[in-house]
Every structure is written in C-alpha cells, then in structure tokens.
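Structural features, examined
Take a look at the letters that make up each chain.
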Amino acid sequence: VQLQASGGGLVQAGGSLRLSCAASGRTSSALSMGWFRQTAPKGREFVAAITWSGGSTLYGDTVKGRFTISRDNAKNTVFLQMNSLKPEDTAVYYCAAVISWGNVAYTHEGAYNYWGQGTQVTVSS
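Anyway, here's the lowdown on the structure attached to this text. These numbers were taken from a predicted model, which means no experiment stands behind them.

Notes on the state of the cysteines
This model, assessed by the stated rule, comprises 1 disulfide. Covalently, C21 is tied to C95 through a disulfide, its sulfur atoms 2.1 Å apart. Residues C21 and C95 share a disulfide whose torsion about the S-S bond is about 65°; that sign makes it right-handed. Taken as a pair, C21 in strand β3 (residues 17-24) and C95 in strand β9 (residues 91-99) lie far apart in primary sequence, 74 residues in all. Both residues of the pair, C21 and C95, count as buried.

Considerations on the side chain of S100
Mapping S100 onto the fold places it in the loop between β9 and β10 (114-115). Apart from residues lying up to four places away in sequence, S100 is in contact with A30, S32, W52 and Y106.

Concerning the nonpolar core
The biggest cluster of nonpolar side chains holds 27 residues, and the ones touching the most others in it are W35, L80, M82 and Y93. The set of elements that each furnish at least two residues to this core consists of β1 (2-6), β3, β4 (31-39), β5 (43-50), β7 (67-72), β8 (77-82), β9 and β11 (119-124). Within the second largest apolar cluster, 7 residues are counted, among which are F36, F46, A96 and A105.

As for the pattern of salt bridges
Where side chains of opposite charge bring their charged atoms close, a pairing between them can arise. Overall, the coordinates contain 5 salt bridges when judged by the stated rule. For R37, the salt bridge is made with E45, and the minimal N-O distance between the two is 2.8 Å. Each of R37, E45, R66 and D89 takes part in a single network of salt bridges with overlapping partners.

Some thoughts on the packing of aromatic side chains
On inspection of all chains with the given rule, the structure shows 6 aromatic pairs. With centroids separated by 5.7 Å and ring planes inclined at 70°, the aromatic side chains of F36 and F46 adopt a geometry described as edge-to-face. Linking F36 in strand β4 with F46 in strand β5, this pair joins segments that are 10 residues apart in sequence. The exposure class of F36 is buried, given its relative accessible area of 2%.

Some words on the sheet that holds β1
What the 4 strands build is an open sheet, ordered β1-β3-β8-β7; its pairing is antiparallel. The open sheet terminates on both sides in strands that have one partner only, identified here as β1 and β7. Across the sheet, the mean angle from the axis of one strand to that of its neighbour is 15°, orientation sign disregarded. As paired strands, β7 and β8 are joined by 6 bridges and run antiparallel to one another. Paired with S70 across the two strands is F79, which belongs to β8.

Conventions adopted
- Residues numbered from 1 in each chain as written.
- Predicted model: local features only at pLDDT ≥ 70, side-chain atom pairs only at ≥ 80, totals over all residues.
- Heavy atoms only, no water.
- Disulfide = S-S within 2.5 Å.
- Helix = DSSP H or I, 4+ residues; strand = E, 2+ residues; numbered from the N terminus.
- Buried < 20%, exposed > 50% of the residue type's maximum accessible area, 1.4 Å probe, protein only.
- Contact = heavy atoms within 4.5 Å.
- Core = buried A, V, L, I, M, F, W, Y, C linked by side-chain atoms within 4.5 Å.
- Salt bridge = Lys/Arg side-chain N within 4 Å of Asp/Glu carboxyl O.
- Phe/Tyr/Trp six-rings, centres within 6.5 Å; stacked < 30°, edge-to-face > 60°.
- Pairing = 2+ DSSP bridges.
- Axes fitted to C-alpha atoms, helices over the stretch in contact; angles between N-to-C directions.

Here it is in structure tokens:
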C-alpha cells in the first residue's frame, strides 16, 4: 500500500485546510486509516483515525470539535478537514494505514504499517 498525502499549506489562525491521503496498491483490503502530526518538541502525536467502513472515528483531545476525518472508499482517499486552526496545530501531518478486517480504528502509531510522506501545515498567528 502506498499513501500520498496532500493539501498542506500556510493559513492564518482561525482558518481551515483540508488534507487528503490517497491510497494505492492493495486498496481492495480493509484499510483502517489515521492521521498523525509531528513537531520537533512534541514528537509524533495522534490526530484522528477512521475504520475502513467509515462508521467509527477517533480524535486526539487537542483536535476534538475542530477536525473531522472522513473517507471516500470509491476513490481510496481519506480526508482531514481542519477548522478553527491554531498556531499550535503547526506540524508535518502524516497519514497512515493498516489492514484491519475487524473494522477497528487505532490511536497508536505502532498499529500502522503503511505511512505517507507527510505534508506541512503552518498556522500563523
């Protein structure tokens, strides 16, 4: 499975961005997907996750109520809609995937074995 993340950029505080993660390769499998972000001080932080069916989602405490994860399985793509962005949301965002026929979403990075290349999100104050 190959993952290609896109949609990052520079935005002012209070603004919005939508990240996309397109999967290719073994996309006929049930891919549970997640988003993580990384900064030098904090390391890698869980942002959001979604089951392969899209029926269940999980969010990190710092993004609840502001970010929404969704997916379009017909296009093998997962999205992260980010609203009310704050300067502390500045990070490199990574999408991740794991084959999960049990329809489970995962918050721990160790659960994922496929990773995208990362996309930079910068929120100015």
